[in-house]
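# Observations on the three-dimensional arrangement
Listed here are the chains, written in short residue letters.
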Amino acid sequence: MTRTIVIGAGIVGLSCAYYLAQAGKTVVIVDPTPEGDKASFGNAAGLAVTECVPAGVPGLLFNMPKLLLDPLGPLFLKPTHVRSMLPWLIEFQRSSSKKRVLEIAPALAALNDRTYADFAPILRDLEYEQHVHNKGCLVLYNDESSFEKDRFSWDLKAQHGVRFERLNSGEVRELEPDIGPRKQFGVLEPDWSHISSPKQLMDRFLNWAKDQNIEFIRETAVTLERTQDRASVQLGNGDLLEGECVVVAAGAWSKSLAASIGDKCLLESERGYNTTFRTPGISLTRELLFAEEMFAVTPIVEGLRVGGAAEFAGLKTPPNFERSHALAKLASKMLPDLQTDNGDQWMGHRSATPDSLPVIGQSPKTPCVHYAFGHGHLGLTQGPTTGRLIADLVLQREPVIDPKPYGIDRFA
Ligand SMILES: Cc1cc2nc3c(=O)[nH]c(=O)nc-3n(C[C@H](O)[C@H](O)[C@H](O)COP(=O)(O)OP(=O)(O)OC[C@H]3O[C@@H](n4cnc5c(N)ncnc54)[C@H](O)[C@@H]3O)c2cc1C
């Protein structure tokens, strides 16, 4: 069997399929619900190429108790879930040390720096180029002193070549007149972009794959089989699917597939929420990030998308849409003319590693298995480069970037 099996039809799986197909591989995609509503369909639409600072930074653990006090605040750990995620939390703490953060940032920057180059051929083939809006991102602070508290992160970004410009209150409103008086200081990151609609992009990507005669198998991959020169996937319907290579790109659901061939990784679902207001009554030009409150607002074709939250409650707990309400309430305070009727709520699972680095590369145990998951907040941004890198590794070409920092063996 010379086909390559890709498990998962999110932005990461489709990007892998794209670059493998471009290299002449016959690709089969396994996904029970390819036209789904997972993270790739409902995210905040940002090509967040400036985000080279991991979630865990020195000092964050000190602030965590305060963040956890509000049950509808930006961070929530479901009490009954904490025990099972203890190893992840311990590794998160270890990864938040200054030494580790200084190692992680260049690895994130290496992926982000390739985003536009590796997205370009995909956007061209999907005829979606005109839907990338190079308007930058505006990060908003209460005042300059709150910006200074984030100095470590901004200095780190500057060290990695991220461009940004500080803006006073008047300059912020010149760019975005609908921002209310609470935010008196801003930082513009001009290299960030947003797309018109993650769902539109995914729909076009799926159509492109079908036009290329890429076969879709609408089944769940249950386990991988361990062989040296052949890859096998046990499907939910009992069939055994064989190929020359398997790429695991099942987002937050990837951990058990890796475990089935003995590859350990630390992966949690970091659940995010948003509401898309169809008739917001205000208009924004670019994505806004509210730094203290930790949420984002993006103008997309479906309306104004208000989202954020990091809820750790596992894959099976039903959504708590009170979180979307809380975010909408916050947004109304920051954008006083926002009309919050006609909102569509959504929850999605980010696949989160404790060091904010994705897992990309070959299985140390089974060479014909490759991993492509764990992109956390940056899967839309880093998906295409992940696809390119996976194709390089499968084809044993010179990799476009050094894959070492992303290897699953870091969890061994
Ligand atoms: C609220 C929110 C806002 C975000 N904003 C941004 C942003 O602005 N910019 C950015 O870059 N990123 C953002 N992200 C992150 C980004 O959406 C994700 O990192 C990205 O979509 C992950 O893509 P994926 O293909 O790995 O996973 P997913 O989109 O989750 O897709 C995984 C696929 O695998 C399938 N699958 C699962 N298990 C199996 C199995 N056993 N067998 C077969 N198939 C399986 C699922 O059906 C699904 O189709 C955001 C995420 C959230 C939740």
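Please read all numbers here as calculations on a predicted model, not as lab measurements. (Residues numbered from 1 in each chain as written. Predicted model: local features only at pLDDT ≥ 70, side-chain atom pairs only at ≥ 80, totals over all residues. Heavy atoms only, no water.)

## Here we look at the packing of aromatic side chains
Applying the stated rule across the entire model yields 13 aromatic pairs. With centroids separated by 5.0 Å and ring planes inclined at 40°, the aromatic side chains of Y18 and W208 adopt a geometry described as tilted. Placement of Y18 in helix α1 (residues 11–22) and of W208 in helix α11 (residues 198–211) is noted, with a sequence separation of 190 residues between them. Note on Y371 and F373: the rings are 5.7 Å apart at their centroids and 80° apart in plane angle, and the pair reads as edge-to-face. Within the aromatic cluster, the residues linked to one another by ring pairs are Y141, F147, W154, F164 and F185. One cation-aromatic arrangement involves K157 over W154; the distance from NZ or CZ to the ring centre is 4.5 Å. The ring of F216 has K210 lying over it, and the distance from NZ or CZ to the ring centre is 5.7 Å. (Phe/Tyr/Trp six-rings, centres within 6.5 Å; stacked < 30°, edge-to-face > 60°. Helix = DSSP H or I, 4+ residues; strand = E, 2+ residues; numbered from the N terminus. Lys NZ or Arg CZ within 6 Å of the ring centre and 35° of its normal.)

## Describing the domain arrangement of the protein chain
The domain boundaries assigned to the protein chain delineate domain 1 (4–41 + 200–266 + 356–411) and domain 2 (50–116 + 129–195 + 268–352). Measuring from the centre of the C-alpha atoms in domain 1 to the corresponding centre in domain 2 gives 27 Å. Between domain 1 and domain 2, roughly 2500 Å² of surface is buried when both sides are summed, and carbon and sulfur atoms account for 64% of that area. Broken down residue by residue, the surface that domain 1 buries against domain 2 is led by A252, L266 and S356, which jointly contribute 21%. Counting across the domain 1 and domain 2 interface gives zero salt bridges. Applying the counting criterion to the domain 1 and domain 2 interface returns nine residue pairs in polar contact (both at pLDDT 80 or more). Element by element, the count of residues in the side of domain 1 that touches domain 2 is highest for helix α14 (residues 379–394), at five residues. (Domains from an automatic or database assignment. Buried area = accessible area lost by both parts, 1.4 Å probe. Salt bridge = Lys/Arg side-chain N within 4 Å of Asp/Glu carboxyl O. Polar contact = N/O pair within 3.5 Å; in protein donor to acceptor, adjacent residues only side chain to side chain.)

## So, the pattern of salt bridges
Scanning the entire structure with this criterion turns up 29 salt bridges. Linking R350 and E270 is a salt bridge whose minimum nitrogen-to-oxygen distance equals 3.3 Å. Within this pair, whereas R350 is found in strand β19 (residues 343–352), its partner E270 is found in strand β15 (residues 268–277), the two being separated by 80 residues in sequence. On the accessibility criterion, R350 (15% relative accessible area) is buried. With its nearest N and O atoms 2.7 Å apart, the salt bridge here joins D355 to R410. Of this pair, D355 sits in the loop between β19 and β20 (359–362) while R410 sits in the segment after α14, and the two are 55 residues apart along the sequence. On the basis of relative accessible area, R410 is assigned to the partly exposed category, the value being 24%. Salt bridges linked by common partners bring K99, R100, E103, D355 and R410 together as one network. (Buried < 20%, exposed > 50% of the residue type's maximum accessible area, 1.4 Å probe, protein only.)

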